[in-house]
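Coordinates in review
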Amino acid sequence: MRKSINGKRKTDKNILIFIVLFIFIIYISNRKYLFIENAFKNVSTKINEFFIDKVYSTKNYSNKMINSKIKYLQDENNDLRKALDFKEKNENFLIAEVVNHTSKTWFNKVSINKGYNSNIKKDSLVVNENGLVGFIGKVSKNQSEVKLITSVSDDNMLSVFVEAQGEAASGMLSYYDNKSDLFKVESITSKAEIKKGDSVVLSGFDNPLYKGIYVGAVVKEETDNYGLSRTVWVKSDVNFNDLMFLGVYLTEG
């Protein structure tokens, strides 16, 4: 009888140990699964954050593109309004749009979307609302090439007047410095007092119709070593880096 009782106690003890071990294993397993689950959640969170960032960045990129396009259209619209306003005040000018302006010939020429079908002729004057831009160099059926005054050189000078105090001092527009964005007017022999801000206009010697067309304003003056002639530097109001709409002077005949 005693042996049976001892056996039962031993069995109960074994069962208790088994239960404890079972609970411990389950606890350890749950801890392991909890660790894996947390690790998975962390990875999942990182992935979500990555995709959210990517989507947000893409959205920002798209917004920048859209905003940039809107800004361009607004600028284009403003330039067109100015051009049309210029047209209303100057009936002899035809408004044309710049369709080509390449980096290789940036300071030499642009192309516009009007040609001889629109009565445009070679050497016609080209301006915008801020002043002289250039002259027509080549003409085709529906397109023309504008030779910019920024391409001026000793071989292709422009005759101008500096509207000094009560006197028109003649000179030659001979050079453009794209670093300072200034034009050089030299060979001024007049003794008239020239001041900063004095206007520089076409003389009209080459074509009387173009006399008085605004080129720019005097910024500074220089005198050569012998004092025989004077040189002035001129700033144009035209932004040659942002040409959209131009006015071409139409001549009869």
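Figured I'd write up the structure that's included with this text. Please read all numbers here as calculations on a predicted model, not as lab measurements.

Parameters and conventions
- Residues numbered from 1 in each chain as written.
- Predicted model: local features only at pLDDT ≥ 70, side-chain atom pairs only at ≥ 80, totals over all residues.
- Heavy atoms only, no water.
- Pairing = 2+ DSSP bridges.
- Helix = DSSP H or I, 4+ residues; strand = E, 2+ residues; numbered from the N terminus.
- Axes fitted to C-alpha atoms, helices over the stretch in contact; angles between N-to-C directions.
- Phe/Tyr/Trp six-rings, centres within 6.5 Å; stacked < 30°, edge-to-face > 60°.
- Buried < 20%, exposed > 50% of the residue type's maximum accessible area, 1.4 Å probe, protein only.

**Considerations on the sheet that holds strand 5 (residues 144-148)**
Strand order in the closed barrel formed by six strands is 1-2-5-4-3-12, and the pairing between neighbours is antiparallel. Pairs of neighbouring strands in the sheet enclose a mean axial angle of 45°, with direction left out of account. Strand direction decides the pairing type here: strand 3 (residues 125-128) and strand 4 (residues 131-139), joined by four bridges, are antiparallel. Bridge pairing links Leu 125 to Phe 135 in strand 4.

**Focus: the pairing of strand 10 (residues 214-223)**
As paired elements, strand 9 (residues 199-202) and strand 10 share three bridges and run antiparallel to each other. Directly across from Ser 199, in strand 10, lies its bridge partner Ala 217.

**Digging into the packing of aromatic side chains**
Taken as a whole and judged by the stated rule, the model has eight aromatic pairs. Ring plane angle 45° and centroid distance 5.7 Å describe the contact between Phe 107 and Tyr 176, whose orientation is recorded as tilted. Residue Phe 107 is located in the loop between strand 1 (93-100) and strand 2 (109-112), and its partner Tyr 176 is located in strand 7 (residues 167-177); the two are separated by 69 residues in the primary sequence. Owing to a relative accessible area of 25%, Phe 107 belongs among the partly exposed residues under this scheme. By relative accessible area, Tyr 176 is classed as buried at 9%. When the ring of Tyr 176 is compared with that of Phe 183, the centres are 4.7 Å apart and the planes differ by 45°; the resulting orientation is tilted. The class for Phe 183 is buried, based on a relative accessible area of 1%. One aromatic cluster is present, formed by Phe 93, Phe 135, Tyr 210 and Tyr 249 through successive ring pairs.

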